Amino acid sequence: MKKISTELENTRKTFSFFSRLKRNSPVDNGLWNEIEEALIQADVGVTATSRIIEVLQAKSKELRLSTSESILDLLKEQLKNSLQKFNTELDSGGDPSVWVFVGVNGVGKTTSVAKVANWKSNENERVVLAAGDTFRAAASEQLEKWANSCGAELIKGAEGADPSSVIYDATEYAQAKNASLVLADTAGRLHTKSNLMQELEKIVRVANKGSGTVTEVLLVLDATVGQNGLQQAKSFAESVDLTGIILTKLDGSSKGGIIFAIAEELAIPIKLIGIGEGKEDLIPFDPEIFVEKILDFQEAS
Amino acid sequence: MFDTLTDRLGNIFGRLRSKGKLSESDINTVMAEVRTALLEADVNLKVARQFQDKVSERCLQSEIHTALNPAQQVIKIVNEELIEILGGQALNLTYSDKPPTVVLMAGLQGVGKTTNAVKLAKWFKSQGRNPILIGADLQRPAAVEQLRILAEEVEIPVFSEKSDPITVAKNGLSEAISTGRDVLICDTAGRLSIDEDLMNEIRQISDEIKPHYTFLVIDAMTGQEAINVADSFNDKLSLDGMILTKLDGDSRGGAALSAKTIVGKPIAFASTGEKLEDFEVFHPDRLASRILGMGDVLTLIEKAEDAFDQQEAQRAADRLLNGQFNLEDFLEQMQQLKKMGPLQNIVGMMPDLPQGVNPDDVDETRLTRVEAIITSMTHEERDRPEIIDGSRRNRIAKGSGTSIQEVSLLIKQFKEIKRMMKGAVKPNKRKKKKSSRGRKGKQNPRAKKEINQTTNAFDLSEFGSFKNS
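Every value quoted in this text rests on a predicted model; they were computed, and no experiment measured them.

Chemist: So what's going on with the environment of Ile-417 of chain B? Which residues, and what values?
Modeler: All names here are of chain B. Relative to the helices and strands, Ile-417 is located in helix α19 (residues 404-438). The exposure class of Ile-417 is exposed, given the 12 C-beta atoms found within 10 Å. A C-alpha to C-alpha distance of 21 Å links Ile-417 and Ser-403, two positions 14 residues apart in sequence.

As structure tokens, then:
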């Protein structure tokens with residue numbers, strides 16, 4: 001998989017709040033306000049920010065930290081630690097394994113399917129794509145183009161077909177062809193629409209009924225989205241057993257700070273990060289990389 | 001979902017009584033809550049601060065309204081300021097006298113440009129225009145196919161070719177002119193506002209087709225960066241307006257406030273769903289209550305206004321307050337309610353839904369059965385359900401296709417409700433009598449408010465969702 005390019009690093013530096021925090025300033029209210037602002041502007045959210053600062057203040061006191069530099073270092077460690085707890089491995093325990101990609105509209109599900117297909121195909125796995133978005137105009141055409149590009153096979157249905165049956169067919173096909181992995185795309189759906197969430201429950205249920213086993217249900221989350229990201233995660237988690245999150249569009253200026261709240265309140269691991277529109281633009285989630293390069297919390301040069 | 005602003009403020013100011021002007025400390029306490037609400041709604045930090053200062057200024061200078069407590073007073077001002085910023089000058093769409101009128105769609109990836117390009121084209125068509133769509137998104141696989149499929153639904157032609165976005169746009173314009181189209185809508189690929197190359201590309205497209213209107217399509221769920229995204233696009237393209245999408249979700253939409261503040265141009269349209277008909281002219285007042293966490297109160301009112309006959313509602317409310325409400329009235333109200341649209345949507349628009357209540361769980365079928373039962377009753381039975389004996393119950397059950405148990409249950413429940421209403425109404429009745437005895441026969445303000453709530457005289461300055469302590 002890709003490594004974060006220098007180009008991306010440099011772009012992010014321009015938008016960093018954390019690297020800009022003065023490292024030699026006095027430890028006063030001004031510092032705490034700046035830290036609060038930086039976190040809020042990173043979409044961390046009001047509640048999560050308060051929590052982080054509370055812990056930071058307590059710990060700073062305990063350790064008798066007297067310089068802004070040491071406090072900022074502590075903050076960096078604290079942020080990293082809060083994201084450490086998860087297992088970011090993807091489960092390939094099925095035969096075939098079925099990974100279902102879910103999320104609201106426009107987040108990058110189809111593109112993420114393509115990226116994972118590309119990654120796994122490069123590791124010599126035989127991958128089958130299921131065009132489970134039977135609602136959106138030209139959705140299966142979009143996935144078909146990706147399938148061709150990544151050397152994966154595609155199973156699609158007619159427009160308006162039942163997504164559950166398309167995905168089921170894909171699992172049977174995979175089994176027959178000895179393919180180890182089925183990647184199921186689904187239609188974007190707002191979590192506020194209960195009929196669509198019910199449809200999703202059915203999709204996962206039916207996908208498990210055939211020869212395949214659903215071993216990952218991945219919520220694709222757009223880093224550009226603000227506080228609603230937490231609500232999305234909560235609502236989707238209520239309908240299906242989410243096993244992980246793919247955080248996309250981190251090549252943009254948004255920081256994706258909502259993941260701190262998600263890590264704290266729900267126990268869903270961030271497994272992958274999307275950093276572009278191309279099929280190579282995927283990296284595994286790493287708290288170190290996220291905090292240092294995405295939040296751009298590096299040493300001031 | 002987090003507590004609404006109105007809940008939180010209600011709690012703080014439950015017991016506070018102030019006279020004269022609002023004190024600075026009152027304002028600061030309330031503004032701190034408002035700021036939190038704005039940030040939770042994804043309003044950019046800097047915009048929230050600016051806004052806070054402006055509102056505090058206004059609050060300090062305002063006289064206290066006798067009917068409102070400090071929290072309500074501040075909210076009233078906040079709401080007004082929000083509406084003013086979000087609204088302001090509406091987009092006055094005029095058409096070029098040298099057709100076509102060119103419209104350019106711009107925005108980040110995944111916001112809904114393609115879908116809304118078609119929605120906009122459909123809208124122009126409904127205005128009697130002759131639009132054409134240009135598929136200049138050559139980046140996203142099958143983007144042009146998507147555009148074609150959607151456009152076919154509304155019988156609008158699409159032009160595209162396998163070249164490059166700028167050439168497509170250029171040739172699309174020629175095509176529009178040669179086929180006599182009077183509106184051209186150019187869809188483009190989503191692009192990061194920090195991608196210099198792609199931002200230059202869209203600038204070139206713009207220079208080529210010289211749009212009369214450039215719209216930034218912005219997703220209502222966007223976080224803090226909305227302001228920078230809007231700023232960059234505006235800088236590069238000089239926007240004429242914005243289209244706010246995915247308003248059918250539950251994000252509070254503060255991004256719109258940030259974008260509007262920095263761009264200064266109107267939010268022209270709102271997209272409220274995935275279907276092509278889910279497109280409307282933007283209502284700033286609705287978004288204001290949404291940002292504040294007050295639910296889409298105004299849409300609810302509008303729908304109620306459409307559906308409820310004023311006089312009928314007034315009459316029903318009077319009867320309710322006087323303990324005369326019967327099954328006939330109940331049937332009437334239910335039928336009026338049906339006209340407002342699917343119950344789900346209506347419940348979804350209500351602010352202050354108790355925790356755990358999901359509008360989508362509302363079961364409309366039960367109401368239909370209730371309606372059938374009452375319809376099978378005679379007028380006398382509806383007026384005096386106490387006369388409904390066994391054989392009548394049987395007849396009603398058969399007639400409505402339900403069961404005797406359901407009929408009995410309805411009668412029992414209605415009796416209960418009526419009894420409760422009578423109990424609730426009595427204190428007001430007494431108050432009413434009291435005031436008419438010695439004073440100028442002033443109507444009990446609470447009774448009046450209740451009537452107002454059931455009719456459409458919803459006075460927003462009282463914020464019906466407010467829990468008066």
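Chemist: I'd like a rundown of unusual backbone geometry, residues and numbers included.
Modeler: With an omega of 0 degrees, the peptide bond running from Asp-95 of chain A to Pro-96 of chain A counts as cis. Along the chain, Pro-96 of chain A turns up in the loop between α4 (68-82) and β1 (97-102). Positive phi is not limited to glycine here, since Glu-155 of chain B has a value of about 55 degrees. Inspection of the secondary structure assignment puts Glu-155 of chain B in the loop between α6 (143-153) and β3 (158-159).

Chemist: Go over the sheet that holds strand β3 (residues 153-155) of chain A with me, naming the residues and quoting the values.
Modeler: Residues and elements named next belong to chain A. The eight strands are arranged β3-β2-β4-β1-β5-β6-β7-β8 in an open sheet whose pairing can be described as mixed. What marks the edges here is a single partner per strand, and that holds for β3 and β8 (282-284). Each adjacent strand pair in this sheet contributes to an overall mean axis angle of 25 degrees, direction not counted. Strand direction decides the pairing type here: β1 and strand β5 (residues 213-222), joined by six bridges, are parallel. Its bridge partner lying in β5, Val-98 is registered against Val-214.

Chemist: Which residues make up the pairing of strand β2 (residues 127-132) of chain A, and what values go with them?
Modeler: Residues and elements named next belong to chain A. For β2, the tally of buried residues reaches six of six residues, placing the bulk of the element in the interior. Across the two faces of β2 the burial is the same, with Val-127, Leu-129 and Ala-131 and Val-128, Ala-130 and Gly-132 all buried. As defined by bridge partners, β2 adjoins β3 across three bridges and the pair is classed as parallel. Pairing of Ala-130 across the sheet is with Ile-155, part of β3.

Chemist: Give a description of the domain arrangement of chain B that names residues and reports values.
Modeler: All names here are of chain B. In terms of domain boundaries, chain B breaks down into domain 1 (5-86), domain 2 (101-284) and domain 3 (309-462). For the side of domain 1 that touches domain 2, the secondary structure elements donating two or more residues are α2 (24-40), α3 (45-61) and α4 (70-86). At three residues, the largest contribution of residues to the side of domain 1 that touches domain 2 is made by α4.

Chemist: Hey, could you go over the interface of chain A and chain B for me, with residue numbers and the actual values?
Modeler: If you look at the interface, chain A gives 33 residues, while chain B gives 35 residues. At the level of secondary structure, the elements contributing two or more residues to the side of chain A that touches chain B comprise α2 (29-41), α6 (139-150) and α9 (228-239) of chain A. Ranked by residue count, the leading element in the side of chain A that touches chain B is α6 of chain A, at four residues. Grouping the constituent residues of the side of chain A that touches chain B by class yields nine nonpolar, 16 polar and eight charged.

Criteria and cut-off values
Residues numbered from 1 in each chain as written. Chains lettered and ligands numbered in written order. Predicted model: local features only at pLDDT ≥ 70, side-chain atom pairs only at ≥ 80, totals over all residues. Helix = DSSP H or I, 4+ residues; strand = E, 2+ residues; numbered from the N terminus. Buried ≥ 20, exposed ≤ 12 C-beta atoms within 10 Å, placed from the backbone. Pairing = 2+ DSSP bridges. Axes fitted to C-alpha atoms, helices over the stretch in contact; angles between N-to-C directions. Domains from an automatic or database assignment. Contact = placed C-beta atoms within 7 Å. Nonpolar A, V, L, I, M, F, W, Y, C, P; charged D, E, K, R; others polar.

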